[in-house]
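# Per-entry structural report
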Amino acid sequence: AEVVGGSDKEVVREYFNGTGFQRWKKIYGETDDVNKVQLDIRIGHAKTVESVVMMLKEDGSLNGVTVCDAGCGTGSLSIPLAKEGAVVCASDISAAMVQEAQAKAKEELQISDTSPSSSIVMPKFEVKDLESLDGKYDTVVCLDVLIHYPQDKADAMIGHLASLAENRLILSFAPKTFYYSLLKRIGELFPGPSKATRAYLHAEDDVERALQKVGWKIRKRGLTTTQFYFAKIVEAVPA
Ligand code: SAM
């Protein structure tokens, strides 16, 4: 179903294949050529990834667990999950992101013939917007993607992601509680018209309502904050 229609999605796709790709590849990478704000976002985002991996492991080993990483970016979550033995399907609307994620996974996972007993499975990478994902996964994760869509679009995206998950759905989003402080900083987050995509904040209640509408309830909550990065993390399960 086409839940994110027309222009929003096209703008996002174009951004993440162009200036957005360059910008976020740097932020999600390890090189020193980042400014203070970008470094702060890098650290905040890494904390979110770490929290999510921990949340997932609380329920037991990830060995053999199927995970859909929707909007995988450069693979920041897919790669550590694969290291834990998860069977990951990673997809993103941006071909540039998928290519980068794939290259990073090859480098970091180094599945060698000399250790055939290794339980690491190379993630399956695909260029696909999350609306066209299908199939069933034990766990679906979608980190820092909803920020690109207004709540009405996000509702449908959340419903669709829940329909792909058998046991768990983890979402992270920029919470509306930090609206004012974030607004002040939004210029620094998305400077310049060419780099700009709109940033949408989501109220936790709205996300919770969208989950309830499709029969899911929130079981765990987390929050990452640094100076310039805010992410609410929710883990939902069938109600
Ligand atoms: N989830 C990754 C992470 O946390 O490292 C990447 C987060 S990045 C801020 C947002 C990503 O969402 C981008 O890679 C972008 O291309 C992707 N994206 C945006 N809209 C999407 C959609 N409708 N379907 C799939 N991916 C999308």
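Look above for the structure.
What comes next is a walk through the structure. Worth saying up front: this structure is predicted, and the values here are computed from it rather than measured.

### Considering the overall build of the protein chain
The number of helices and strands found in the protein chain is eight helices and seven strands. Within the protein chain, buried positions represent 52% of all 239 residues. Here the protein chain displays about 10,900 Å² of accessible surface, and carbon together with sulfur accounts for 52% of that area.

### Focus: the side chain of S78
By the element assignment, S78 lies in helix α4 (residues 78-83). Judged by its relative accessible area of 0%, S78 falls in the buried class. Of note is the side chain of S78, whose polar atom sits 2.7 Å from the side chain of D69. Ignoring any residue separated from it by four or fewer positions in sequence, one finds S78 in contact with D69, C72, V88, A90 and P123.

### Section: the site of the ligand
Surrounding the ligand, one finds 22 residues, the nearest of these being H45, G71, D92, L143 and Y149. In the model, a nitrogen atom of the ligand is placed 2.7 Å from a nitrogen or oxygen of the Y149 side chain. Relative to its free-state accessible area of 590 Å², the ligand is covered by the protein chains to the extent of 99%. Here the shell around the ligand is built from residues that sort into 11 nonpolar, six polar and five charged.

Rules behind the numbers
Residues numbered from 1 in each chain as written. Predicted model: local features only at pLDDT ≥ 70, side-chain atom pairs only at ≥ 80, totals over all residues. Heavy atoms only, no water. Helix = DSSP H or I, 4+ residues; strand = E, 2+ residues; numbered from the N terminus. Buried < 20%, exposed > 50% of the residue type's maximum accessible area, 1.4 Å probe, protein only. Areas by Shrake-Rupley, 256 points an atom, 1.4 Å probe, with all protein chains shown as cover. Polar contact = N/O pair within 3.5 Å; in protein donor to acceptor, adjacent residues only side chain to side chain. Contact = heavy atoms within 4.5 Å. Near = heavy atom within 4 Å. Nonpolar A, V, L, I, M, F, W, Y, C, P; charged D, E, K, R; others polar.

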